[in-house]
Amino acid sequence: MKKKKTNIKIKRSKVNLYSKKKSKQKQVLTIVITVVAACALGVLGFGLGKPLMEYFQNRQNPSDSSDSAWTPPSDTEISSENESMVSSEESSKVEVPVDVPSDMYFLPDDAALSTASLNSALAAAKSSGRRVVAVTLKNETGNFLYKSAIESIQNNGIIIGTLTAEQIADAVTKAGFTPAAKISTLKDRLCGYRDITDGGYRIAGSGYTWNDDREEKGGKPWLSPFKNETLQFMGEITDELSKAGFKHIVTVNTMYPKLHKEDLTIYLKDLPLSDEKARLDALWNVIDSAKAGAEKNQSYLWIELSGENIIADSRLSTDAELCTNTEKLSEMRLIVDYTPSAAPANAYKNAKEFALKLKSVLKETEFYVVIKGGYSGAALSDVQKALSEEKIEVFGQ
C-alpha cells in the first residue's frame, strides 16, 4: 500500500543554539516532561490509530467486513415484487368455476319439449338425491329441443322445442338442481345439408350429400368431423348453452358412421378415412371445439360413451374410437353407459367383469357409469354393489 504523504510543519525555535548551557536541574526536568509527553502521545496514537487504519482498510476491502452493507433492490427484484402484487390482485378477481359433482341425473329424452313435460320430469328427479340434472337439448336426429338462436338452423323445422335455453336452465335451477345439457354431435340427420350448416359428408367429385345407406333403406346424412363448418357449429352450440346457464354439457355420438368398401374407395375417397391418426385427430377436433365453446362461459364438457364399445376388441366407427388417444382422453371426464344383458342371476358376476375391463382401458381417466335398463330390484342392486366394490360411482337415470 502506498503511504500517504504527510506535510510536516517546521516550527522555528527562538532558542539560540550558541547560548550558554542549561543548568543540570533544568535538563532533568526537560527529560521528564519529554518522557511523559511521549507516553501520552503513544497511548493516544494507539487509541485513534487502530480505528483509523481499520476504516481505511475497510474502504479498500469492503468484502472483509462482517456486516453486509445495505444495497438498493435490483430491477429484477422490483419487477418480481410488482408481478406478485399484480398476480395477487388478478387472482382475487378470477371467478372460480362450479365444482364438478360426482352425481348426475338424466331426464327423459323429450323432457325439454314443453313446460309441462319439463316440470313433470324435474318433480320425478327430486327423489333421486342428485345435485345435477341433465336435459337432452339436441338429439341424434338433429332436432333442437329448445329455441336456439343459431342463424343456420332457423326456419327449417330443425327447432322443435318451445322454451329457450335460458328458460330451461332457470327451471332446473329453481327446482334445486345444477343444470346440464346433453347434445348429439356428429350423428345428426338434419343439419349437414348444404343450405343449413354445410357440415355434412359430400360425395367425391359431385358435391351431393352422402347418406349412410340407400334412401329406400333409410339412409341418412351425418355431420363430418373433417369440415370446418361442423367444428364451428359445435362451438356455437356449446357457447349458446353455457351462456344460458348450463354448467355442464354432455356430448354423445362423436363418431363415424359405418362405412362400406365403396365409401372408402369411391364415394368418400377424398377423405383420409383409412388413416387411423387422421380419423382420430378429426374426432378430437370436434371435442376440442365443443369444449372451447363451453369454457367460454366456465362450463364443463363431458363425453358419454358406450361401455360395450369401450371394452370391445374393435372400436372402429363407434363412439369409443376416441379412446385410442389415451392422452387426450385422460384430460376429459367420461360418462359410461352400461346396459346389462345377461340373466339376472349373473348380474353381479357380469358387472364385476365389466368394471375390471373398463378400468383396464380407461386407466387414470375420470369416469362414472350410468346403468341403462336391463335390471331392477335385487339384480340392479347386485350391479351397483359390483361397481361400488371397484370404486366406480354410478349416475342416476
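What counts and what doesn't
Residues numbered from 1 in each chain as written. Predicted model: local features only at pLDDT ≥ 70, side-chain atom pairs only at ≥ 80, totals over all residues. Heavy atoms only, no water. Axes fitted to C-alpha atoms, helices over the stretch in contact; angles between N-to-C directions. Helix = DSSP H or I, 4+ residues; strand = E, 2+ residues; numbered from the N terminus. Parallel < 35°, antiparallel > 145°, perpendicular 65-115°, else oblique. Left-handed = near helix turned anticlockwise from the far one by under 90°. Contact = heavy atoms within 4.5 Å. Nonpolar A, V, L, I, M, F, W, Y, C, P; charged D, E, K, R; others polar. Phe/Tyr/Trp six-rings, centres within 6.5 Å; stacked < 30°, edge-to-face > 60°. Buried < 20%, exposed > 50% of the residue type's maximum accessible area, 1.4 Å probe, protein only. Lys NZ or Arg CZ within 6 Å of the ring centre and 35° of its normal.

J.: Report on the packing of helix α10 (residues 347-362) against helix α11 (residues 377-389), specifying residues and quantitative values.
T.: Between α10 and α11, whose axes approach to 8 Å, the crossing angle comes to 30°. With respect to each other, α10 and α11 are oriented roughly parallel. In this structure, α10 meets α11 at a crossing whose hand is right-handed. Contacts from Ala-347, Tyr-348, Ala-351, Lys-352, Phe-354 and Ala-355 of α10 reach α11 at Ala-379, Asp-382, Val-383, Lys-385, Ala-386, Leu-387 and Glu-389. Across the contact of α10 with α11, the residue classes break down as nine nonpolar, no polar and four charged.

J.: Tell me about the packing of aromatic side chains, and name the residues and values.
T.: One pass over the full model with this rule turns up eight aromatic pairs. An angle of 35° between the planes, with centres 6.1 Å apart, marks the rings of Phe-226 and Tyr-256 as tilted. Placement of Phe-226 in the loop between β3 (178-184) and α5 (228-244) and of Tyr-256 in the loop between β4 (248-252) and α6 (261-267) is noted, with a sequence separation of 30 residues between them. With a relative accessible area of 24%, Phe-226 lands in the partly exposed category. Residue class for Tyr-256 comes out buried when judged on its relative accessible area of 0%. Judged by centre distance (5.7 Å) and plane angle (55°), the rings of Trp-302 and Tyr-368 are tilted. Residue Trp-302 is found in strand β5 (residues 300-306), and its partner Tyr-368 is found in strand β7 (residues 366-371); the two are separated by 66 residues along the sequence. What makes Trp-302 buried here is its relative accessible area of 0%. A connected cluster of aromatic rings, assembled from ring pairs, spans Phe-144, Tyr-146 and Phe-233. The cationic tip of Arg-279 hangs over the ring face of Tyr-256; the distance from NZ or CZ to the ring centre is 4.3 Å.

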